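This is what each chain is made of:
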Amino acid sequence: MVRRRRRSVLLLLLALTVLSPLVLYTRRLSAALNPNQRRDLPGEIVNQGRGVKASKLNALPLETVGSLKEPVGIVFSEESRESASKSTEPDSQEFLLRKAGEHKNRVLSEATAADSARSEDDDLIEQVTSKDGEDDGLATVSVDQQQITTASQQRSASEASSLENVPEQTSMENSLEGNKDGALLDTRIRNIRDLLIKAKVYLGLGAIRANPQYLKDLRQRIREVQKVLGDASKDSDLPKNANEKVKTLEQTLIKGKLMQDDCSVVVKKLRAMLHSAEEQLHAHKKQTVFLTQLAAKTLPKGLHCLPLRLANEYFLLDPSHQQFPNKEKLDDPKLYHYALFSDNILAAAVVVNSTVLNAKHPSHHVFHIVTDRLNYAPMRMWFLSNPPGKATIEVRNIEEFTWLNASYSPVLKQLESQSMIDYYFRTHRANSDSNLKYRNPKYLSILNHLRFYLPEIYPNLHKIVFLDDDVVIKKDLTSLWSIDMKGKVIGVVETCGESFHRFDRYLNFSNPVIVKNFDPHACGWAFGMNVFDLAEWRRQNITEIYHSWQKLNQDRLLWKLGTLPPGLITFWNKTLPLNRSWHVLGLGYNPHVSSRDIERAAVIHYNGNMKPWLEIGLPKFRNYWSAYLDYDQPFLRECNINP
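Residues numbered from 1 in each chain as written. Predicted model: local features only at pLDDT ≥ 70, side-chain atom pairs only at ≥ 80, totals over all residues. Heavy atoms only, no water.

Next up on the list: the nonpolar core. Residues L306, F383, L477 and W625 are the most contacted members of the largest nonpolar core, which totals 62 residues. Counting residues per element, this core draws most heavily on helix α15 (residues 345–357), at nine residues. The next biggest cluster of nonpolar side chains, apart from the first, holds 46 residues, and it includes F452, F503, I514 and L568. (Core = buried A, V, L, I, M, F, W, Y, C linked by side-chain atoms within 4.5 Å. Buried < 20%, exposed > 50% of the residue type's maximum accessible area, 1.4 Å probe, protein only. Helix = DSSP H or I, 4+ residues; strand = E, 2+ residues; numbered from the N terminus.)

So, on to the packing of helix α9 (residues 187–202) against helix α12 (residues 242–258). Close contact between α9 and α12 brings their axes to 11 Å; oriented N to C, the two are set at 35°. In terms of crossing hand, the pair formed by α9 and α12 is left-handed. Across from R188, I192, L195, L196, K198, A199 and Y202 in α9, the residues of α12 making contact are A242, N243, V246, L249, E250, L253, G256 and K257. Here the contact of α9 with α12 is built from residues that sort into nine nonpolar, two polar and four charged. (Axes fitted to C-alpha atoms, helices over the stretch in contact; angles between N-to-C directions. Left-handed = near helix turned anticlockwise from the far one by under 90°. Contact = heavy atoms within 4.5 Å. Nonpolar A, V, L, I, M, F, W, Y, C, P; charged D, E, K, R; others polar.)

Taken in spatial order, the seven strands make up an open sheet running β3-β2-β1-β4-β7-β6-β8, and their pairing is mixed. Both outer strands of the open sheet, β3 (392–397) and β8 (575–577), are each paired with one neighbouring strand and no more. Taken pair by pair, the neighbouring strands of this sheet meet at an average axis angle of 25°, ignoring direction. Where strand β6 (residues 490–492) and strand β7 (residues 529–533) come together, two bridges link them in antiparallel fashion. Bridged to G491 within β7 is V531. Here helix α16 (residues 373–385) sits on the sheet and contacts β2 (365–371) and β3; the angle it forms with β3, its principal contact strand, is near 160°. (Pairing = 2+ DSSP bridges.)

As a further point, take the state of the cysteines. The final tally for this structure, using the stated rule, is two disulfides. Through a disulfide, C305 is tied to C639; the S-S separation comes to 2.1 Å. Here the S-S torsion is close to -70°, and the disulfide linking C305 with C639 is therefore left-handed. With C305 in helix α14 (residues 301–316) and C639 in the segment after α27 (634–638), the pair connects residues that are 334 residues apart, well separated along the chain. Given the relative accessible area of 6%, C639 is considered buried. Between the sulfur atoms of C496 and its disulfide mate C523 the distance is 1.6 Å. Within this pair, whereas C496 is found in the loop between β6 and α20 (503–506), its partner C523 is found in the loop between α21 (512–517) and β7, the two being separated by 27 residues in sequence. When the cysteines engaged in disulfides are numbered in sequence order, the protein chain pairs them as 1-4, 2-3. (Disulfide = S-S within 2.5 Å.)

With that out of the way, let us pick up the side chain of R221. Relative to the helices and strands, R221 is located in helix α11 (residues 212–229). Among residues more than four places away in sequence, those in contact with R221 are T248, L249 and T252.

To continue, consider unusual backbone geometry. Unusually for a residue other than glycine, K486 sits at a positive phi of about 55°. Of note, K486 is situated in the loop between β5 (471–473) and β6. A positive phi angle, near 60°, is found at R556, a position not held by glycine. Within the secondary structure, R556 sits in the loop between α23 (542–552) and α24 (564–570).

Attention now goes to the sheet that holds strand β10 (residues 603–605). Read from one edge of the open sheet, three strands run β5-β10-β9, paired in mixed fashion. In this open sheet, the two strands that pair with only one neighbour each are β5 and β9 (583–584). Relative to β10, β9 is paired through two bridges, and the arrangement is parallel. From the neighbouring strand, V584 faces β10, where its bridge partner is I604.

Moving on, we get to the pattern of salt bridges. Scanning all chains against the criterion turns up seven salt bridges. For the salt bridge of E638 with R309, the shortest nitrogen-to-oxygen distance reads 2.4 Å. Placement of the pair is E638 in helix α27 and R309 in helix α14, with a sequence separation of 329 residues. One salt bridge connects R451 with D468, and the closest N-O pair in it is separated by 3.5 Å. Here R451 is found in the loop between α18 (418–425) and α19 (454–457), whereas its partner D468 is found in the loop between β4 (463–467) and β5, with 17 residues between them in sequence. For the pair shown, R451 and D468 are each scored as buried. A single salt-bridge network, built from bridges that share partners, covers R309, E313 and E638. (Salt bridge = Lys/Arg side-chain N within 4 Å of Asp/Glu carboxyl O.)

Of all the five residues making up β7, five are buried; the element is thus mostly covered by neighbouring parts of the structure. Here β7 shows a buried face lined by M529, V531 and D533 and a second buried face lined by N530 and F532. Bridge analysis of β4 against β7 gives five bridges, and the strand direction is antiparallel. If you follow I464 over to β7, its bridge partner there is F532.

Time to look at α23. When α23 is considered as a whole, its buried residues turn out to be I542, T543, Y546, H547, W549 and Q550. Relative to the axis of α23, the buried residues are bounded by an arc of 165° and lie together on one face. Residues of α23 that are exposed and point more than 90 degrees away from the buried face comprise K551 and L552. As for α23, its buried residues are in contact with α17 (410–415), α19, α21, α22 (534–540) and α24. (Arc of directions from axis to C-beta.)

Glancing now at the packing of aromatic side chains. Overall, the coordinates contain 24 aromatic pairs when judged by the stated rule. Where W525 meets F571, the ring centres are 6.4 Å apart and the plane angle is 65°; that geometry is what we call edge-to-face. Within this pair, whereas W525 is found in the loop between α21 and β7, its partner F571 is found in the loop between α24 and β8, the two being separated by 46 residues in sequence. F571 matches W525 in its accessibility class, with the two residues each being buried. In this structure, R451 packs its charged tip against the face of F527, placed 4.7 Å from the ring centre. (Phe/Tyr/Trp six-rings, centres within 6.5 Å; stacked < 30°, edge-to-face > 60°. Lys NZ or Arg CZ within 6 Å of the ring centre and 35° of its normal.)

With that out of the way, let us pick up the pairing of β4. A large share of β4 lies buried, amounting to five of its five residues. Here β4 shows no split at all, with K463, V465 and L467 on one side and I464 and F466 on the other all buried. Here strand β1 (residues 336–341) runs beside β4; their pairing, made up of two bridges, is parallel. Following the sheet pairing, Y338 is matched in β4 by V465.

So, about α15. When the terminal C-alpha atoms of α15 are compared, their 18 Å separation across 13 residues agrees well with the 18 Å that a helix rising 1.5 Å per residue should span. Of all 13 residues in α15, eleven are buried; the element is thus mostly enclosed. Among the residues making up α15, those that are buried are I345, L346, A347, A348, A349, V350, V351, V352, S354, T355 and V356. For α15, the N-terminal capping position is held by N344, with its side-chain oxygen 3.2 Å away from the main-chain nitrogen of L346. (Expected span 1.5 Å × (residues − 1). Polar contact = N/O pair within 3.5 Å; in protein donor to acceptor, adjacent residues only side chain to side chain.)

The next point concerns the layout of surface pockets. If you add up the space inside the second largest pocket, you get close to 450 Å³. Around the second largest pocket, the lining is made up of 21 residues, and of these P300, W613, L614, E615 and N642 lie nearest the centre. Elements supplying a minimum of two residues to the lining of the second largest pocket: α14 and α26 (619–626). Of the residues belonging to the lining of the second largest pocket, the class tally is 13 nonpolar, five polar and three charged. (1 Å grid on protein atoms, 1.4 Å probe; cavity = no way out; pocket = protein on both sides within 12 Å on 5 of 7 lines; lining within 4 Å. Points joined across faces, edges and corners; volume = space filled by probe spheres on them.)

And the structure:
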């Protein structure tokens, strides 16, 4: 009897041991197969998604980028904390991603309104979100969770809840159907790029990284959309299958959205990406400034070849053929005289050619060119083989002016000092981009300061027009000699249109000497095309004024180096304003110079770093310069100099 009872108890326990796991497994299986839960996902995705804990979503173990730091400030505005506590739907996260992408594009594109600039900013985002190696260039960004505070999470949740009821695919589907409402031409392009940014953020989320099959599919969809997008810059450039590929990516993202429910992770990633992109953009801008300055100082291969070929031909000439005709016109004050100081042969050729071709009486015009010892023979050879029609020309070597020495000229003494050379060529100058424009070695050449010695160089002339070598003459300049100078020494075109063209831009108004003598808001003006009354210059002893100021600026405390600041000081209250149409500036740095102003101008000036003979020159203005060169000339062909 006792044995029977024991046997019954053992059988009962055995039954419970066998049947209990079956009952529990059946309940979990029925719950997993419930048709109301995730009907649109395959079993593998569902099981793996359910197995991911919320804490793992914040781990982001894929990549650690030390350069990504939490930015200061609020990316998303706080609308309602109450709605944040109520919002648990995954749709809110989808729109949070969309709004985050739109916000990032807005911040990166506000610097310029042009659509092309917006494309460049999107490229920067792609660089931030891409990496080599795994993911085939489709990378993720990792952020240290300790840098994100509880307050930022609450703000993110609040923003998500405010977007909860917005239809998900409305904006994308409308743009894919076409711009029926007259929207901007690149609406679809922008939306596709926003979608790609969101997809790349998904690649770094913990729940998605835990599902290899989904991760593979998402990468494939991204590659397909990137291939469709290609280099398209407007909607009409997109292929016909763009709609299909984009919708497929959207559907894939909807599945991924259901696999995780932590909106703050997405927000943190987008904020980090935005902050990193802004830092990279700032660094690229600084690098662009430095490289532009460096490119402006370089000598292209063709311009290096040309003087060598010309010098070789010059020294092969018979001495009787090395002289220019019409020497008797050089000191005739009744003719129209131009001063041009340059070591650039092509630039000087354009100035002379454009002046002669637009002159009514070329035989009345005389050009006085001064160059350095290195370019003296090549410059002469160029104008001997390419004479300026009926005009008269002379080419002189600055070495001929024996009176121009360090004992007479303070600036020449400064230029020859070791401290000045160190200022230009010290190796760490790249770290201080604010002064790069003043560190151009061209300022070491006395040719740039020769304009302050015009009366000494041409003692028999009464009036002369000074021309820089980066100008092009578009009209006859004869009437400049008939202008009544009203007792002034120099005729100038003032540049008061912008605040940075006033005196305080060029002079150090923290120095009491400058404050006492000059007005910081006075209009600046430009060298480039100036008419000088040499008789009045001599009467007012302007050269001595120039020397006195140069001595005061021996330590560069009054102004930085260059010729314009000492020009503003030397000719203070001695300038005659000319009509602006005489001299239009900015073609070497400003792409927005009005074509109407250019057509009306007598002289156009390529001031700035983007000279027309350099590859960095602005293409839209280059034709005005290259029109006055004959590129079939043998020396240009031999040196591969092309328009």
